[in-house]
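Now for the letters of each chain:
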Amino acid sequence: MIVFKDICKTYIMGDEQVHALDHANIHIKQGEFVSIIGPSGSGKSTLMNIMGCLDTASSGEYYLDGMPIERYSEKALAKIRNKKIGFIFQSFNLISTMTAEENVELPLIYQGVRASERKARVKEALEMVDLYSRRGHTPNQMSGGQQQRVAIARAMAAKPSLFLADEPTGNLDSATGKQIMSIFKELNKQGNTIVLITHDDSVACQAQRSIRIMDGKVSDIAYDENGEQVAPMRGGTV
Ligand SMILES: Nc1ncnc2c1ncn2[C@@H]1O[C@H](COP(=O)(O)OP(=O)(O)O)[C@@H](O)[C@H]1O
Ligand SMILES: [Mg+2]
């Protein structure tokens, strides 16, 4: 479902070139739960922006569900994003004046989903994250963990084919972070594809597979059931 072929992203800063992604080859199948781990400045956000069709590569090819992404217009990409990708951010990005229910419903209004279907989807999504009883609360009436659960429900309700989460537990304490991870695991069990970006090994190892990024170069890591690294890092397609 996700294929990166020799993706490079170069930022030009005056006379200097920053190779934020350096010939990245990645292959993620439908239904996988993959974490992407790397330190600050390694290229994670650049990778997420390209994977999420928010930015395009300098060179290389990106196929999402077989579609050659670099050949689409900005307008077409916006449509693809709305339809296919559920974003979850470190800072939740909820609208502060809207209730949980309204936040979850909003993207469905943009998508043109009719009212009765919207209502059903909002209920199902808020129930999945165990917040239906708090549907009338605004973000400032909820904890960070609850806000992130609303953000996950918002992504779910739009029925994306890919969940893309950038440091979703980065602003949460570790117990709350675990709750959030268990929701991602449940979503994955239901057949959803999840790509989760983190700088935290204890988060990364909860995915089925990790891709490490270092100075814009990717390599894979595998974990056993105890979260111990079992395969050495290696280059090539991951
Ligand atoms: N818009 C930009 N212009 C110039 N350099 C950038 C830009 N965005 C990111 N970079 C550089 O690209 C590299 C990777 O950044 P980023 O993808 O944000 O890494 P991470 O998310 O892992 O911290 C860094 O060296 C960063 O300074
Ligand atoms: Mg980043």
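Residues numbered from 1 in each chain as written. Chains lettered and ligands numbered in written order. Predicted model: local features only at pLDDT ≥ 70, side-chain atom pairs only at ≥ 80, totals over all residues. Heavy atoms only, no water.

Turning next to the nonpolar core. Formed by 34 residues in total, the largest nonpolar core has its most connected members in V104, I152 and F184. Among the secondary structure elements, those contributing two or more residues to this core are α3 (100-110), α4 (115-128), α5 (144-157), β7 (162-166), α6 (174-189) and β8 (193-198). Here the element with the most residues in this core is α5; it accounts for seven residues. (Core = buried A, V, L, I, M, F, W, Y, C linked by side-chain atoms within 4.5 Å. Buried < 20%, exposed > 50% of the residue type's maximum accessible area, 1.4 Å probe, protein only. Helix = DSSP H or I, 4+ residues; strand = E, 2+ residues; numbered from the N terminus.)

For the rest of this paragraph, the subject is α6. Over its 16 residues, α6 extends 22 Å from the first C-alpha to the last, a length consistent with the 22 Å expected when each residue adds 1.5 Å. Within the sequence span of α6, burial applies to T176, G177, I180, M181, I183, F184, L187 and N188. The buried residues of α6 occupy an angular sector of 155° when projected down its axis, which confines them to one face. α6 presents A175, K178 and K189 as exposed residues on the side facing more than 90 degrees away from its buried surface. Its side-chain oxygen placed 3.1 Å from the backbone nitrogen of A175, D173 serves as the N-cap of α6. At the exit of α6 stands G191, carrying a positive phi of roughly 105°. (Expected span 1.5 Å × (residues − 1). Arc of directions from axis to C-beta. Polar contact = N/O pair within 3.5 Å; in protein donor to acceptor, adjacent residues only side chain to side chain.)

Let's shift gears to the state of the cysteines. A complete count under the given rule lists zero disulfides for this structure. Free cysteine: C8, not disulfide-bonded; nearest cysteine sulfur from C53 at 18 Å. Relative accessible area serves as the criterion here: at 8%, C8 is assigned to the buried category. (Disulfide = S-S within 2.5 Å.)

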